[in-house]
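Architecture and fold: a report
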Amino acid sequence: MTSKKQVALKPGDTIGILGGGQLGRMLALAAARLGLKAQVFSPDPDSPAFDVVQHATCAEYADVEALELFAADVDVITYEFENIPSATAMILAARRPVLPDTVVLETTQDRLAEKNYITKLGIGTARYADVWSADALAVAIKTLGLPAVLKTRRFGYDGKGQVIIREGDDPQDAWDRLGTKSAILEAFVPFEREVSVIAARGADGDVVCFDVTENEHRDHILKTSHAPAAISDALAAQARDIAQKIATALNYVGVLAVELFVVPGAGGPTLLVNEIAPRVHNSGHWTLDGASVSQFEQHIRAIAGWPLARPLRFGPVTMTNLIGDDILDYGKWLTVPGATVHLYDKGTPRPGRKMGHVTVVEPPAEGRNNR
Ligand code: AMP
């Protein structure tokens, strides 16, 4: 077993993964390819990640005994989602290295703490205000103007926990609909596109970013990602610099995603950070088939204490999420030339649930570089 601080895994060692969704499943598969074992901890007996590992712990995150046994079985612990309860993280971190470090969770679990952190680094975000009551919301609306987006500080994802407030809307009604006591109001960003950077940082401080990805959402859920994003090389370099700055400031080890808005301006487009995900990210799934090394492998390498890869992209890539009933068309996707189909085995489709994804890599055109 490795010590609490140092991580230098050898083939055959075991990575503990908190969370049993598709991200945990794809992390476990990437670990297996590198000769590492994975043990998944999840309270959900139907976790798709359980199907691809030999050892799984099905227990609540508050089950101290189960956490202790899990920690004893593994060499390093990571997570596939950021809403790990802090007590769980503390129990595990006292026994095994948890990477990315649990302090990262404190910043990224809370939209206000995260935006304050990014702002302190001198990186732009939407203008925002702390909101804790309907009265505070009315004051924030006066400062930021409308339209604006009211978001819960914690536990928001895929557009859940947010309400757009437009001119003429009743702020009290918006506040009641959100149903929380801690929120932030963000000025609405008139973005021309949304992009993300998937960055990996190794234990030695090395940072490697994948090509900037352009993302389109349907009903607030990621529908397609394209790499590379249709932005200038200079703006892409800025996006990668932002991700590198954040990863370095957080002393991060592993893969993180930075979601950004591209905002049109007289002097050319600029970038604002929307949010940070301290984990592998849906907008990086294209790397599984579109690059020489995937985001999942980069994460495993980083937390294993291994060198990061320098991934090459094979050509322009499109990743399409199969959401809800989209999965029923899997047979059609299986016959699309050049398509790689990933099905998560999540059982009966539910609206809004990510059930699988498909990647299509275009061969690079003759005589052109790889864009
Ligand atoms: P989030 O959960 O913060 O990632 O938000 C989900 C989606 O809502 C984003 O990908 C954007 O499409 C949209 N959105 C979030 N915040 C804003 C904002 N301040 N202005 C405009 N659109 C936003």
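Conventions adopted
Residues numbered from 1 in each chain as written. Predicted model: local features only at pLDDT ≥ 70, side-chain atom pairs only at ≥ 80, totals over all residues. Heavy atoms only, no water. Helix = DSSP H or I, 4+ residues; strand = E, 2+ residues; numbered from the N terminus. Rg over C-alpha atoms; globule rule 2.2 N^0.38 Å. Buried < 20%, exposed > 50% of the residue type's maximum accessible area, 1.4 Å probe, protein only. Contact = heavy atoms within 4.5 Å. Areas by Shrake-Rupley, 256 points an atom, 1.4 Å probe, with all protein chains shown as cover. Lys, Arg positive; Asp, Glu negative; His and termini not counted. Charge placed at Lys NZ, Arg CZ, Asp CG, Glu CD. Domains from an automatic or database assignment. Buried area = accessible area lost by both parts, 1.4 Å probe. Expected span 1.5 Å × (residues − 1). Near = heavy atom within 4 Å. Polar contact = N/O pair within 3.5 Å; in protein donor to acceptor, adjacent residues only side chain to side chain. Nonpolar A, V, L, I, M, F, W, Y, C, P; charged D, E, K, R; others polar.

This part takes up the overall build of the protein chain. Counting its regular elements, the protein chain contains eleven helices and 17 strands. Against the compact-globule benchmark of 21 Å for 371 residues, the protein chain has a radius of gyration of 21 Å, which places it among compact chains. Dimensions of the protein chain along its principal axes, counting C-alpha atoms only, are 60 × 60 × 45 Å. In the protein chain, buried positions account for 53% of the 371 residues. The long-range fraction of contacts in the protein chain, counting pairs at least 24 apart against all pairs at least 6 apart in sequence, stands at 62%. With an accessible surface of roughly 16,400 Å², the protein chain has 52% of that area assigned to carbon and sulfur atoms. Each charge class in the protein chain was averaged separately, 37 positive and 45 negative side chains, and the resulting centres sit 3 Å apart.

Under the domain assignment, the protein chain is made up of domain 1 (4-98), domain 2 (127-187) and domain 3 (193-361). Centre-to-centre separation of domain 1 and domain 3, based on C-alpha positions: 22 Å. Between domain 1 and domain 3, the contact holds 24 residues from the first and 21 residues from the second. Counting each side, the surface lost to burial between domain 1 and domain 3 is near 2,000 Å², with a carbon and sulfur contribution of 66%. The largest per-residue losses of area from domain 1 upon contact with domain 3 belong to Gln 22, Met 26 and Leu 34, which jointly make up 27% of the total buried on that side.

Let's shift gears to helix α8 (residues 233-249). Along its 17 residues, α8 runs 24 Å from first to last C-alpha, staying within 8% of the 24 Å computed at 1.5 Å per residue. Buried positions along α8 lie against β9 (193-201), β10 (207-209), β13 (254-263) and β14 (270-277). Trailing α8 by a residue or two, Asn 251 shows a phi angle of about 50°, which is positive.

Now for the site of the ligand. In the region of the ligand, 16 residues are neighbours, and Lys 151, Glu 186, Val 189, Glu 194 and Glu 275 sit closest. Take Lys 151: an N or O atom from its side chain is 2.7 Å from an oxygen atom of the ligand. Here a nitrogen atom of the ligand and a backbone polar atom of Val 189 are 2.8 Å apart. Contact with the protein chains hides 93% of the accessible area of the ligand, taken as 470 Å² for the molecule alone. Elements represented by at least two residues in the shell around the ligand include exactly β6 (148-152), β8 (183-187), β13 and β14. Counted by class, the shell around the ligand contains six nonpolar, four polar and six charged residues. Each of two domains, domain 2 (127-187) and domain 3 (193-361), supplies a minimum of three residues to the shell around the ligand.

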